[in-house]
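In case you want the letters, here they are:
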Amino acid sequence: MLNTLFSGDLPRSRTLGILLSLVVLGLALAPFITTGARPLNTAATICIYIVLVASYDLLLGYTGIVSFAHTMFFGIGAYGVGLGFVGMTPTWGGAAIGLAAALVLTLVLALVIGLFALRVRAIFYAMITLAVASSFAVLASQLSDWTGGEDGKTFDVPELLSPANEFGEFMGRIVDGKVLTYYIVFFCAALIFLALLRVVNSPFGRVLQAIRENEFRAEALGYRTVLYRIAANCIGALAAALAGALLALWLRYVGPRTTLGFEVMTDILLIVVIGGMGTMYGAVLGTVLFILANNYLKALMAKAGGALAGIPVLEAALHPDRWLLWLGILFILAIYFFPSGIVGRLNRAAGRPNT
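Since the structure is predicted, the reported quantities are computational estimates derived from the model, not experimental observations. (Residues numbered from 1 in each chain as written. Predicted model: local features only at pLDDT ≥ 70, side-chain atom pairs only at ≥ 80, totals over all residues. Heavy atoms only, no water.)

## Description of the overall build of the protein
Part 1 of the argument: Check the secondary structure of the protein and you find 18 helices and four strands.
Part 2 of the argument: By the compact-globule yardstick of 20 Å for 355 residues, the protein fits well, its C-alpha radius of gyration being 21 Å.
Part 3 of the argument: If you line up the protein on its principal axes, its C-alpha atoms span 65 × 55 × 45 Å.
Part 4 of the argument: A buried classification covers 48% of the 355 residues belonging to the protein.
Part 5 of the argument: For the protein, restricting intrachain contacts to residue pairs at least 6 apart in sequence, the fraction spanning at least 24 positions comes to 74%.
Part 6 of the argument: In the structure as shown, the protein presents an accessible area of about 17200 Å², 69% of it carried by carbon and sulfur atoms. (Helix = DSSP H or I, 4+ residues; strand = E, 2+ residues; numbered from the N terminus. Rg over C-alpha atoms; globule rule 2.2 N^0.38 Å. Buried < 20%, exposed > 50% of the residue type's maximum accessible area, 1.4 Å probe, protein only. Contact = heavy atoms within 4.5 Å. Areas by Shrake-Rupley, 256 points an atom, 1.4 Å probe, with all protein chains shown as cover.)

Structure below.
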């Protein structure tokens, strides 16, 4: 059953399997093993970014496409749900219409970008997608009547998901609308991730990997590689839009900085490299490490600096204001010691390298 669920792509090393099991278990029980809003928000962000990073790895790791437009699709999904909920009385019907419109727009843009840009190679395609994504970010900021401009928009959700709506107590925690929202995000993210796993392990996914390794040979075998690349671009874009929809549902806010900023794109690239390109499980481990470091490194440094008070050099080095410096150092070390990513290193250690 597990083999079918994971499309025949079970973890190739015991260590990887244990780590993934711990991640899934931790995310599944997050509302009941943590207290406060921050840990739950961190867990929800991890779920969303796993989908976002996995959808980008479909392009970069499996097909060899370098795109900078992924945040644009992420933002379209978020704005679709957000604008669907905006109104005096938020309804599921409005959100469904907004999401459907966002997915249609995503598909059209991904298809158009693919048709006009995927015929060029490497850096030229990357520059085209960067220009399109930048233009869309500017457009979202300018259409302030719809999008709220740089400030974005906050919105309400149906009463079912309201924190004031309590369903009872379980494992010592009140189960309310916020917990229900978390599980909607968790299960939707899990389903999208498993769907992407099915895609990369299908015959279609094998062709994408052949294109990544040698596009000329794939063409010689009779595959129309441009069509496969366009299809991969559309699938990745739709998954990114769904991740954006989950982010909007969780935050109850949409804005250019949370979805359309270039910082989001650099985060995605870092996570893909750290986790391991060309492996969906790399998106899981890379996202967990990145989000946890991003949320808790500063607090850990503050505690360490307090413990080392009286030692001027170490206290200054571990000052919380320098957390970004240490975050950068940690990522440099991760890339140096794990050039093929964490999952790639674990698979090689088990004698089963990535395909």
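Picking up after the structure, the text goes on.
## Description of unusual backbone geometry
Among all residues save glycine, negative phi is the norm, and among peptide bonds the norm is trans.
Part 1 of the argument: Positioned with a positive phi, Arg-252 is a non-glycine residue whose angle comes to about 60°.
Part 2 of the argument: Taking the relative accessible area as the measure of exposure, Arg-252 reaches 13% and is therefore buried.

## Section: the environment of Ile-97
Part 1 of the argument: Its location among the elements puts Ile-97 in helix H6 (residues 92–117).
Part 2 of the argument: Residues Ile-97 and Val-81, 16 residues apart in the sequence, show an inter-C-alpha distance of 8.2 Å.

## As for the packing of aromatic side chains
Part 1 of the argument: As enumerated under the stated definition, the model contains 17 aromatic pairs in all.
Part 2 of the argument: Summarising the aromatic geometry, the rings of Tyr-182 and Trp-250 are spaced 6.2 Å apart at their centres and angled 75° between planes, so their arrangement reads as edge-to-face. With Tyr-182 in helix H9 (residues 177–200) and Trp-250 in helix H12 (residues 225–251), this residue pair connects regions lying 68 residues apart in the sequence. Of the two residues examined, Tyr-182 and Trp-250, each falls in the buried class.
Part 3 of the argument: When the ring centre of Tyr-296 is taken as reference, the NZ or CZ atom of Arg-38 above it lies at 4.9 Å.
Part 4 of the argument: Lying over the aromatic face of Trp-250, Lys-178 brings its terminal NZ or CZ to 4.2 Å of the ring centre. (Phe/Tyr/Trp six-rings, centres within 6.5 Å; stacked < 30°, edge-to-face > 60°. Lys NZ or Arg CZ within 6 Å of the ring centre and 35° of its normal.)

## Brief notes about a nonpolar patch on the surface
Part 1 of the argument: A surface patch of nonpolar side chains, about 710 Å² in accessible area, is lined by Leu-325, Trp-326, Ile-329, Leu-330, Leu-333, Tyr-336 and Phe-337.
Part 2 of the argument: Structurally, the position occupied by Leu-325 is in helix H17 (residues 323–337).
Part 3 of the argument: Residue class for Leu-325 comes out exposed when judged on its relative accessible area of 52%. (Patch = residues over 30% accessible without salt bridge, like charges linked within 9 Å, V, L, I, M, F, W, Y side chains within 5 Å. Salt bridge = Lys/Arg side-chain N within 4 Å of Asp/Glu carboxyl O.)

## Looking at helix H14 (residues 262–275)
Given 3.6 residues per turn, any residue in an α-helix points the same way as the ones three and four places further on.
Part 1 of the argument: The terminal C-alpha atoms of H14, which comprises 14 residues, lie 20 Å apart, in line with the 20 Å expected from a rise of 1.5 Å per residue.
Part 2 of the argument: Taken as a whole, H14 has its buried residues at Val-264, Met-265, Asp-267, Ile-268, Ile-271, Val-272, Ile-274 and Gly-275.
Part 3 of the argument: Remark: Gly-276 follows H14 within two positions and exhibits a positive phi of approximately 125°. (Expected span 1.5 Å × (residues − 1).)

## Points about H17
Part 1 of the argument: With 15 residues, H17 should cover 21 Å at 1.5 Å per step; its first-to-last C-alpha distance of 21 Å lies within 8% of that length.
Part 2 of the argument: Of all the positions in H17, only Trp-323, Leu-327, Phe-331 and Ala-334 are classed as buried. In an axial view of H17, the angular spread of the buried residues amounts to 75°, which keeps them on one side of the axis. What points out from H17, more than 90 degrees from its buried face, is the exposed set Leu-325, Ile-332 and Tyr-336. (Arc of directions from axis to C-beta.)

## Overview of the nonpolar core
Part 1 of the argument: Ranked by size, the top nonpolar core spans 99 residues in total, and within it Leu-27, Phe-73, Tyr-182 and Met-280 carry the most contacts.
Part 2 of the argument: By residue number, the principal contributor to this core is helix H4 (residues 37–60), which donates 16 residues.
Part 3 of the argument: Not counting chain neighbours up to four residues away, the residues in contact with Phe-73 comprise Thr-106, Leu-109, Ala-110, Ile-113, Ala-237, Ala-240 and Ala-241. (Core = buried A, V, L, I, M, F, W, Y, C linked by side-chain atoms within 4.5 Å.)

## Some words on the pairing of strand S2 (residues 166–170)
Part 1 of the argument: Pairing of S2 with strand S3 (residues 173–176), which is carried by four bridges, proceeds in the antiparallel orientation. Across the sheet, the residue bridging to Glu-166 is Asp-176, located in S3. (Pairing = 2+ DSSP bridges.)

## Focus on the side chain of Asp-176
Part 1 of the argument: Structurally, the position occupied by Asp-176 is in strand S3.
Part 2 of the argument: Arg-173 is the oppositely charged side chain nearest to the buried, salt-bridge-free Asp-176, at an N-O distance of 5.7 Å.
Part 3 of the argument: At 3.1 Å, the side chain of Asp-176 and the backbone nitrogen of Val-179 are in polar contact.
Part 4 of the argument: Excluding residues that lie within four positions of it along the chain, Asp-176 makes contacts with Ser-162, Pro-163, Asn-165, Glu-166 and Phe-167. (Lys, Arg positive; Asp, Glu negative; His and termini not counted. Polar contact = N/O pair within 3.5 Å; in protein donor to acceptor, adjacent residues only side chain to side chain.)

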